[in-house]
Amino acid sequence: MNNFEESDNFMTSNRMEALIDGIFAIAMTLLVLSIGVPHISGQISNVTIQQSLYTIISPFFSFVLSFILLAMFWVANHRQLHYIKHVDDVYLWINIIWLLFIVTVPFSTDLTGTYGGYAISQIIFNLNLLGIAFFLYLSWHYATKKGLVSKKITKQKSESIKRTCILFLGVSSIAIILSFLTPTWSGMIYLILLLEKFI
């Protein structure tokens, strides 16, 4: 019998995966609340409605960006868990802390959507994403070092997952720097992740 199966300190990853899926579903749904329907004062017409919609361009961009980024983090986590056969307490808590950063994304998204032109709001948003990237990397690093990963995984696949985590770390770190230089456009750096994924 496998030593993992004999120990009470290990469990399968199924329950943790269910928790992660549920939290991602909630966080990604709550993102839409960051847009909000614009309020119109005075007489309502097609023109005034159209003009009011221009005011939510920034919140809408923040919503779309955050939704796509959360989707990419979910996919990256799913790739990891595909090869994680057992979970110990440390790995479990690494992922719980990781989820703490996930559930704060709707808040940081709302902040950038409302005050996107200010450095402090962008710094908070990008620090939020840096935390997600760091614990995503840490979970994979810990799992591979402690033998929680299936022996069926190839070295090439393991390195590919690690490179994805490092890319997330690098891009979010650059975004923090850009937050000081050009707050309004700092989020555009995340397009690198999309280009790397689809090109």
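Residues numbered from 1 in each chain as written. Predicted model: local features only at pLDDT ≥ 70, side-chain atom pairs only at ≥ 80, totals over all residues. Heavy atoms only, no water.

Student: Please clarify how the overall build of the protein should be interpreted in this entry.
Tutor: When its secondary structure is counted, the protein shows nine helices and two strands. Start at the N end of the protein and walk to the C end: the helices and strands fall as α-β-α-α-α-β-α-α-α-α-α. The buried share of the protein, taken over its 199 residues, is 41%. Pairs at least 24 apart in sequence give 80% of the contacts found in the protein among residues at least 6 apart. For the protein, the exposed area adds up to about 11,600 Å²; of that, 66% sits on carbon and sulfur atoms. With 12 positive and 10 negative side-chain charges, the protein shows a separation of 10 Å between the mean positions of the two kinds. (Helix = DSSP H or I, 4+ residues; strand = E, 2+ residues; numbered from the N terminus. Buried < 20%, exposed > 50% of the residue type's maximum accessible area, 1.4 Å probe, protein only. Contact = heavy atoms within 4.5 Å. Areas by Shrake-Rupley, 256 points an atom, 1.4 Å probe, with all protein chains shown as cover. Lys, Arg positive; Asp, Glu negative; His and termini not counted. Charge placed at Lys NZ, Arg CZ, Asp CG, Glu CD.)

Student: Is there a simple way to explain the layout of surface pockets in this structure?
Tutor: The probe, sized like a water molecule, is rolled over the atoms to show the empty space still left. Empty space within the largest pocket amounts to approximately 240 Å³. For the largest pocket, the lining is made up of 14 residues, of which Ser58, Phe61, Ser62, Gln122 and Thr184 are closest to its centre. At the level of elements, helix H4 (57–83) and helix H7 (119–145) are the ones that each hand at least two residues to the lining of the largest pocket. Broken down by element, the residue count for the lining of the largest pocket peaks at six residues, all from H4. (1 Å grid on protein atoms, 1.4 Å probe; cavity = no way out; pocket = protein on both sides within 12 Å on 5 of 7 lines; lining within 4 Å. Points joined across faces, edges and corners; volume = space filled by probe spheres on them.)

Student: Explain the UniProt feature "transmembrane region" (unreviewed entry) in the protein to me, please; I cannot follow it from the model alone.
Tutor: UniProt records the feature "transmembrane region" (unreviewed entry) for residues 18–41, 53–77, 89–107, 119–143 and 164–193 in the present numbering. The span residues 119–143 carries 100% helix and 0% strand; its end-to-end C-alpha distance comes to 36 Å. (UniProt positions renumbered as here; feature names shortened; annotations may be inferred.)

Student: Even after reading the chapter, I still don't get the confidence of the model for the protein, so can you show me in this structure?
Tutor: Close inspection of predicted coordinates is inappropriate in any region flagged by low pLDDT. Overall, the prediction assigns the protein a mean pLDDT of 89, with 92% of residues at 70 or greater. Predicted confidence in the protein is weakest over helix H1 (residues 3–6), with a mean pLDDT of 40, and strongest over H7, with 97. Throughout residues 1–7 the model reports pLDDT below 50, and contacts reaching past four residues in sequence, or to other chains, amount to seven contacts. (pLDDT = per-residue confidence, 0-100.)

Student: Sorry if this is basic, but what is going on with the nonpolar core here?
Tutor: Soluble globular proteins tend to pack their nonpolar side chains together in the buried interior. Ranked by size, the top nonpolar core spans 46 residues in total, and within it Phe24, Tyr91, Trp98 and Tyr190 carry the most contacts. Apart from residues no more than four positions distant in its own chain, Tyr91 is found in contact with Met16, Gln80, Leu81, Ile84, Ser139, Tyr142, Ala143 and Leu148. (Core = buried A, V, L, I, M, F, W, Y, C linked by side-chain atoms within 4.5 Å.)

Student: Explain the packing of H4 against helix H6 (residues 105–115) here, please?
Tutor: Helix packing for two helices is described by the angle between their axes and how far apart those axes are. Between H4 and H6, the shortest axis-to-axis distance is 8 Å and the interhelical angle comes to 150 degrees. On the basis of their axis angle, the class for H4 and H6 is roughly antiparallel. Here H4 and H6 pass one another in a crossing that is right-handed. In this structure, H4 uses Ser58, Pro59, Ser62, Phe63, Ser66 and Leu70 to contact H6, whose residues at the interface are Val105, Thr109, Thr112 and Gly113. (Axes fitted to C-alpha atoms, helices over the stretch in contact; angles between N-to-C directions. Parallel < 35°, antiparallel > 145°, perpendicular 65-115°, else oblique. Left-handed = near helix turned anticlockwise from the far one by under 90°.)

Student: What is the right way to read the packing of aromatic side chains from this model?
Tutor: Here a ring pair, both rings aromatic, is described through the centre-centre distance and the interplanar angle of the planes. Going through the model one piece at a time under the given rule, you end up with seven aromatic pairs. Measuring from ring centre to ring centre gives 6.4 Å for Phe125 and Tyr190, while their planes differ by 90 degrees; the resulting arrangement is edge-to-face. Here the residue Phe125 occupies a position in helix H7, and Tyr190 occupies one in the loop between helix H8 (155–181) and helix H9 (191–198), the gap between them amounting to 65 residues. Each member of the pair, Phe125 together with Tyr190, is buried. One aromatic cluster is present, built from ring pairs that chain together Phe60, Phe63 and Phe67. (Phe/Tyr/Trp six-rings, centres within 6.5 Å; stacked < 30°, edge-to-face > 60°.)

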